[in-house]
Amino acid sequence: MYAVRKWSVSRARFLVAAYNKLEGVLTALDALWLKIGYDRVEKPITFIERHVKGFLFDCKMCGQCSLRDTGMSCPMNCPKELRNGPCGGVRSDGRCEVKPEMRCVWVEAYRGHQLIGEESSILSVQFPVDYRLKGRSSWLREVRKKRDKEFYAQTEPE
Ligand code: SF4
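Rules used in this analysis
Along each chain, the written sequence defines residue order, and numbers are assigned to residues from 1. At least 70 in pLDDT is required for a residue's local features to be given in this predicted model, at least 80 for side-chain atom pairs to be given and counted, and no such filter applies to totals for whole chains, interfaces and linings, which use all residues. Remark: hydrogens and water are excluded; side-chain values derive from all non-hydrogen atoms of the structure. What counts as a helix is a DSSP run of H or I of at least four residues, what counts as a strand is a run of E of at least two, and both are numbered from the N terminus. Burial classes: relative accessible area under 20% of the type maximum marks a residue as buried, over 50% as exposed, and values in between as partly exposed (1.4 Å probe, protein chains only). Contacts: residue pairs with any heavy atoms within 4.5 Å of one another. In protein, a polar contact requires one atom able to donate a hydrogen and another able to accept it; more generally it is a pair of N or O atoms within 3.5 Å, and residues adjacent in sequence count only if both atoms are side-chain atoms. Every axis corresponds to a line fitted to the C-alpha atoms, with the helix fit spanning only the stretch in contact, and the corresponding angles, defined between N-to-C directions, vary from 0 to 180 degrees. Throughout, the term roughly parallel applies to angles under 35 degrees, roughly antiparallel to angles over 145, roughly perpendicular to angles from 65 to 115, and oblique to all others. Residue classes follow a fixed rule: Ala, Val, Leu, Ile, Met, Phe, Trp, Tyr, Cys and Pro count as nonpolar, while Asp, Glu, Lys and Arg count as charged, and any other residue, Gly among them, counts as polar.

**Q** Describe the environment of Glu97, listing the residues and the values that go with them.
**A** Topologically, Glu97 is positioned in the loop between helix H4 (38–57) and helix H5 (105–116). Look at Glu97 and you get partly exposed, because its relative accessible area is 39%. On a C-alpha basis, the gap between Glu97 and Cys87 in space is 9.5 Å, while along the polypeptide they are 10 residues apart. Once you skip the residues sitting within four places of it in the chain, Glu97 turns out to touch Lys80, Cys87, Gly89 and Arg91. A distance of 2.5 Å separates polar atoms of two side chains, one belonging to Glu97 and the other to Lys80.

**Q** Can you lay out the packing of helix H1 (residues 2–10) against H4 for me, pointing to particular residues and giving the numbers?
**A** Close contact between H1 and H4 brings their axes to 6 Å; oriented N to C, the two are set at 90°. One way to sum up the angle between H1 and H4 is to call them roughly perpendicular. In contact with Val4, Arg5, Trp7 and Ser8 of H1, H4 contributes Phe55, Leu56 and Phe57. When grouped by side-chain class, the residues that make up the contact of H1 with H4 number five nonpolar, one polar and one charged.

Written as structure tokens, this is what we have:
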């Protein structure tokens, strides 16, 4: 819902803090996820993620979340699905050229970024969307990425 999406950007700072907490909990449970099997937990976690983020951000479940770097404004709500925006068509009042009934998601992203402060890296270039990940949990993906990073850091030759 558009009104909730705008509300979420206004609370970007709080939501990033909540996100960090959630990531900490999910990461701490990594051993449990491994025991159960990531393929098995994927379905229930994806279900929760889809509903929570669908309500708060109009999430499209792209599977590679960038909310933290886009001021808690989901770039997949851009009609052009631009991961690095805005395009050149933003109207002078900040509205979208394709859907003038809404503000450009990148104008919103910048608003959220200003509220978040240093922790938001809106200027970092986002990778193109990998559509093979669509519909999968980006929460679990982050946990696995973190574990792999730690694993490779430990096995790195000195
Ligand atoms: S970036 Fe992807 S996972 Fe994150 S809220 Fe948007 S659609 Fe959902």
